[in-house]
Amino acid sequence: MPKEVKIKYSGSSGFTLVELLLSLSLIAVVSVMSIPIYQSFQTKNDLAVATNGLVQSLRRAQILSQSMVGDSGWGVFVTSGSAVLFRGSSYGSRNALYDESSTMPTTITVSGLSQIVFDKFTGEPVATATGNIFLVSINKETSTIGINSQGMISY
């Protein structure tokens, strides 16, 4: 029968102060480096969400105009921070009971067209509603939404 060998360990178990400090400093360095990367991804996502939401509102206004809901044209009024889908020939003369407002992230600024109205039945934009809407993030990344005279919305 083989002999049993017992190993005695007289030291203490656990981490030394140096190991603990190295681990914490490594975690701190990784955290500091990852925060700007996360913020960059977040602003890119905000720009994509704002662009898709605005395009969706424009297409909804066009479809509502083509189907003559309320026997009226529909449009979208865009400002930094929000987009309002409205019923009527202009934002100023709209019926506010039918407004559908959507918010945009505060990291996005909007320029270009601010009011896009689609003609009832044809769904084509009125003459002053063709052109581009520019969305710019705080990182200076841009997204452009174009509306041509036939009502095609591209981005």
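Above this text sits the structure in question.
Here the structure is a predicted model, which means the values were calculated and not measured.

> Please set out the pattern of salt bridges residue by residue, giving values where relevant.
Pairs can form between side chains of opposite charge once their charged atoms are near each other. Per the counting criterion, the structure on display carries 3 salt bridges. Of the charged contacts, one joins Asp-71 and Lys-120 as a salt bridge, the two residues approaching to 3.0 Å between their closest N and O atoms. With Asp-71 in the loop between helix H1 (17-66) and strand S1 (74-79) and Lys-120 in the loop between strand S5 (115-118) and strand S6 (131-137), this residue pair connects regions lying 49 residues apart in the sequence. Using a relative accessible area of 53% as the deciding quantity, one classes Asp-71 as exposed. The exposure class of Lys-120 is partly exposed, given its relative accessible area of 32%. Of the charged contacts, one joins Arg-94 and Asp-99 as a salt bridge, the two residues approaching to 2.7 Å between their closest N and O atoms. The exposure class assigned to Arg-94 is partly exposed, which follows from its relative accessible area of 26%.

> Any details on the side chain of Thr-107? Residues and values, ideally.
With respect to the secondary-structure elements, Thr-107 resides in the loop between strand S3 (100-103) and strand S4 (108-112). Beyond its immediate chain neighbours, meaning those up to four positions away, Thr-107 contacts Asp-46, Val-136, Ser-137 and Ile-138.

> Describe in detail the nonpolar core, supporting the description with residues and values.
Counting residues in each nonpolar core, the largest one holds 24 residues, and the members touching the most others are Leu-54, Leu-58, Ile-116, Ile-133 and Leu-135. Breaking this core down by element, the ones donating at least two residues are H1, S1, strand S2 (82-87), S4, S5, S6 and strand S7 (142-147). Among the elements that line this core, the one with the most residues is H1, at 7 residues.

> I'd like a description of a nonpolar patch on the surface, backed by residues and values.
Together, Leu-17, Leu-20, Leu-21, Leu-24 and Ile-27 give the surface a local cluster of nonpolar side chains, amounting to about 520 Å² of exposed area. Along the chain, Leu-17 falls in helix H1. Taking the relative accessible area as the measure of exposure, Leu-17 reaches 60% and is therefore exposed.

> Mind laying out the sheet that holds S7, listing which residues take part and the relevant values?
The strand order across the open sheet built from 4 strands is S4-S6-S7-S8, with neighbouring strands paired in antiparallel fashion. In the strand order of this sheet, the two ends are held by S4 and strand S8 (153-154), each with one partner. Here S4 pairs with S6 via 5 bridges, running antiparallel. If you follow Ser-111 over to S6, its bridge partner there is Phe-134.

> Would you mind going over the sheet that holds S5 in detail, with residue names and values included?
Judged by pairing direction, the sheet is antiparallel, and its 4 strands sit side by side in the order S3-S2-S1-S5 without closing on themselves. One side of each edge strand has no neighbouring strand; the edge strands of this open sheet are S3 and S5. Going across the sheet, the axis of each strand differs from the next one's by a mean of 15 degrees, ignoring polarity. Packed on one face of the sheet, H1 meets S1, S2, S3 and S5 and runs near 160 degrees to S1.

Quick notes on the rules
- All residue numbers here refer to positions counted from 1 along the written sequence of the relevant chain.
- A pLDDT threshold of at least 70 governs which residues receive local features in this predicted model, and a stricter bar of 80 or more applies before side-chain atom pairs are shown or counted, although totals over entire chains, interfaces and linings include all residues.
- For the side-chain quantities, the full set of heavy atoms in the structure was used; hydrogens and water were omitted.
- The salt bridge criterion pairs a side-chain nitrogen of Lys or Arg with a carboxyl oxygen of Asp or Glu, the two atoms within 4 Å.
- A run of H or I in DSSP counts as a helix once it spans at least four residues, and a run of E counts as a strand once it spans at least two, with each numbered from the N terminus.
- Exposure categories follow from relative accessible area, calculated using a 1.4 Å probe and restricted to protein chains: below 20% of the type maximum is buried, above 50% is exposed, and the middle band is partly exposed.
- Whether two residues touch is decided by their heavy atoms; if any such pair falls within 4.5 Å, the residues are in contact.
- Put simply, buried Ala, Val, Leu, Ile, Met, Phe, Trp, Tyr and Cys residues joined by side-chain atoms within 4.5 Å make one nonpolar core.
- Patches here: salt-bridge-free residues with over 30% relative accessible area, like charges joined within 9 Å, nonpolar side chains (Val, Leu, Ile, Met, Phe, Trp, Tyr) joined within 5 Å.
- Throughout, the Shrake-Rupley method with a 1.4 Å probe supplies accessible areas, and for residues the shown protein chains are the sole cover considered.
- Only strands joined by at least two bridges in the DSSP assignment are considered to pair.
- Angles shown run from 0 to 180 degrees and are taken between the N-to-C directions of axes, each axis being a line fitted to C-alpha atoms and, for helices, limited to the stretch in contact.

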